Amino acid sequence: MASFDDLERLREEGLTRVREAAGGEALRALEREYLEKGGVVTSLLAEIPKLEPTARRDAGIGANRLKGEIEGALAARREELLEAELAREAGGAFDATLPAAPSQRGSLHPITQVTREVEEIFTAMGYRVLDGPEVELDFYNFQALNIPADHPAREHQDTFWCDEEQNLVLRTQTSPVQIRAMETLEPPFRVIAPGRVFRNEACDATHEHTFHQVEGLVVGEDVNVGHLIGTLKGFLGEIFRRETDVRLRPGFFPFVEPGFEVDVRCPFCESGCRVCSDTTWIEYCGCGMVHPHVLRAGGIDPERWSGFAFGMGLDRLVMMRHRIDDIRHFMGGDLRFLTQF
Ligand code: FA5
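Residues numbered from 1 in each chain as written. Predicted model: local features only at pLDDT ≥ 70, side-chain atom pairs only at ≥ 80, totals over all residues. Heavy atoms only, no water.

**Examining the overall build of the protein**
Here's step 1: Tallying secondary structure elements over the protein gives twelve helices and ten strands in all.
Here's step 2: Radius of gyration (C-alpha) of the protein: 36 Å, far over the 20 Å computed for a compact globule of 341 residues.
Here's step 3: The C-alpha extent of the protein, read off along each of the three principal axes, is 110 × 45 × 35 Å.
Here's step 4: Considering the protein as a whole, with its 341 residues, one finds that 44% of them fall into the buried category. (Helix = DSSP H or I, 4+ residues; strand = E, 2+ residues; numbered from the N terminus. Rg over C-alpha atoms; globule rule 2.2 N^0.38 Å. Buried < 20%, exposed > 50% of the residue type's maximum accessible area, 1.4 Å probe, protein only.)

See the structure below:
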């Protein structure tokens, strides 16, 4: 153990070691060795009360000076190392007048950007924007939409089950928000509900397991198919900012009658390609007049009220707008793709 006769040697040795310390970790180790509990200086200080009273004063002065000098040397060496580090980062001498390195700005995901545009277009037409849970009850995702258990329509939307006993699914469509809207709003009303949906299906250029839809629902007196077609055409004109080649064909969805599918002309080809499966059309939206069973399940009297509903794929909309030929880019997380938006 160090003694008070050794103070000068301890001082020389301690200060040299601190001055020569190569980095933060070495400095921390020296701090422990000299200044912390059980360390060289701390043990000396603890010895002072045990000394002869006449020796205590000089021993105290010596040990405290040593403590102060080691502390000062540690702080000075830390500063020196930090400055050397900054100079190294600046590629030599540190120049405080240089402008800061530019920070990288993020941007909104293209799906988020288009969702916001869609919301703007529909709110300008008097629609409210609703939200719904992504983990949904079988009742809202299927049963109330006129798709009872064992209905073959369930096979079209391969479902991720969360908990079969509690009848919880990852919603396969945004249509359950229709029922939630009917339960809470008094007709007449117009709503849209954008959001993420999930299907356990094979992925390809136009199919993802996690994608985005916007649901639309209008309930009022004397709402008819003409209103539905006019609304969709008006919306597509706004979003594509030009006249768009669109076709309507019969489509089956248990929650609408009659039901339709809306296709948009493939922007990638003239005569067929892998994106449109060689048809020149891209299936874009399901829609129709709300089935009376569904109005009833939502607590609305079908004798008095009628309505139309639509559910469109947002990812495919962004693909067509920006001529993106593979839907898997959206969830791929590749910054070279994302920074283009
Ligand atoms: C439905 O999901 C219905 N809920 C739509 C609907 C709503 C019909 C209201 C009637 C009334 P469908 O499975 O066809 O329908 O999907 C709707 C749209 O979502 C499709 O037209 C397509 O644009 C998009 N879509 C469907 N599956 C995928 C997928 N795996 N990946 C990306 N987009 C998809």
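**A word on the packing of aromatic side chains**
Geometrically, a pair of aromatic rings is defined through the distance of the ring centres and the angle of the planes.
Here's step 1: Summed over the entire model, instances satisfying the criterion amount to eight aromatic pairs.
Here's step 2: For the ring pair Phe122 and Tyr127, a centre distance of 4.9 Å and an interplane angle of 65° mean the geometry is edge-to-face.
Here's step 3: Residue Phe122 is classed as buried on the basis of its relative accessible area, which comes to 0%.
Here's step 4: For the ring pair Phe337 and Phe341, a centre distance of 5.1 Å and an interplane angle of 65° mean the geometry is edge-to-face.
Here's step 5: Residue classification places Phe337 among the buried residues on the basis of a relative accessible area of 10%.
Here's step 6: On the accessibility criterion, Phe341 (22% relative accessible area) is partly exposed.
Here's step 7: Feature note: the residues Phe122, Tyr127, Phe235, Phe308 and Phe310 constitute an aromatic cluster, connected by ring pairs.
Here's step 8: In this structure, Arg180 is placed above the aromatic ring of Tyr140, and the distance from its NZ or CZ to the ring centre is 4.0 Å.
Here's step 9: One residue, Arg265, lies across the ring of Trp281, its end atom 4.1 Å from the ring centre. (Phe/Tyr/Trp six-rings, centres within 6.5 Å; stacked < 30°, edge-to-face > 60°. Lys NZ or Arg CZ within 6 Å of the ring centre and 35° of its normal.)

**Here we look at the pairing of strand S9 (residues 281-290)**
Along a regular strand, successive side chains alternate from one face of the sheet to the other.
Here's step 1: Taking burial as the measure, the ten residues of S9 include nine buried ones, the bulk of the element.
Here's step 2: Pairing analysis gives eight bridges linking strand S8 (residues 256-265) to S9, with the strands arranged antiparallel. Each bridged residue has a counterpart across the sheet, and for Phe260 the counterpart in S9 is Cys287.
Here's step 3: In this structure, S9 lies alongside strand S10 (residues 306-313), joined through five bridges in antiparallel fashion. Its bridge partner being in S10, Gly288 is matched across the sheet by Ala309. (Pairing = 2+ DSSP bridges.)

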